[in-house]
Amino acid sequence: MKVNESKYISKYSDDSFWRKVTKFAMKAGRKLILIAITLWETMQDKNTPLWARTKIIAALGYFIWPFDFVPDFLPGGGYLDDFAVLTAAMACVIFYVKDVHRQRASEKCNNWFGEDEGPSGALVSN
């Protein structure tokens, strides 16, 4: 799935990201939220290169925008495209995702979903 990055970069802000995450965490699911927060944590790291931050901002902007390829309000599949875009962004920047980013994201997810007892974090672990 090709995404017009410049279109979605303008949709991103920290406030809108956290509003989306807190409002739709349960509907979007643990895996998607874990990837989104891991990307957010990676973007916050001053050692993450600008090109990687730009890729992350575009992916998070796509996640925030409710009228993307598959609108988020559609039951059953509204977050599948978001999952694909966030997973692709994670694959692009994986070398800059540090254990501390994963740990912080996992702790935040545990606040919403409880302790993770399964391999659902496999997409963001080494």
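Residues numbered from 1 in each chain as written. Predicted model: local features only at pLDDT ≥ 70, side-chain atom pairs only at ≥ 80, totals over all residues. Heavy atoms only, no water.

(A) Expanded view of the overall build of the protein. Along the backbone of the protein there are six helices and zero strands. Residue pairs in contact within the protein that sit at least 24 positions apart in sequence constitute 74% of those at least 6 positions apart. Here the protein displays about 6,900 Å² of accessible surface, and carbon together with sulfur accounts for 59% of that area. (Helix = DSSP H or I, 4+ residues; strand = E, 2+ residues; numbered from the N terminus. Contact = heavy atoms within 4.5 Å. Areas by Shrake-Rupley, 256 points an atom, 1.4 Å probe, with all protein chains shown as cover.)

(B) Examining the nonpolar core more closely. Ranked by size, the top nonpolar core spans 31 residues in total, and within it F17, I33, L39, L60, F63 and L86 carry the most contacts. In terms of residue count, the dominant contributor to this core is helix α3 (residues 30-44) (nine residues). When neighbours within four sequence positions are excluded, L60 is seen to be in contact with Y12, F17, A36, L39, W40, M43 and L86. (Core = buried A, V, L, I, M, F, W, Y, C linked by side-chain atoms within 4.5 Å. Buried < 20%, exposed > 50% of the residue type's maximum accessible area, 1.4 Å probe, protein only.)

Keep in mind that these numbers describe shape and distance, not what the molecule does.
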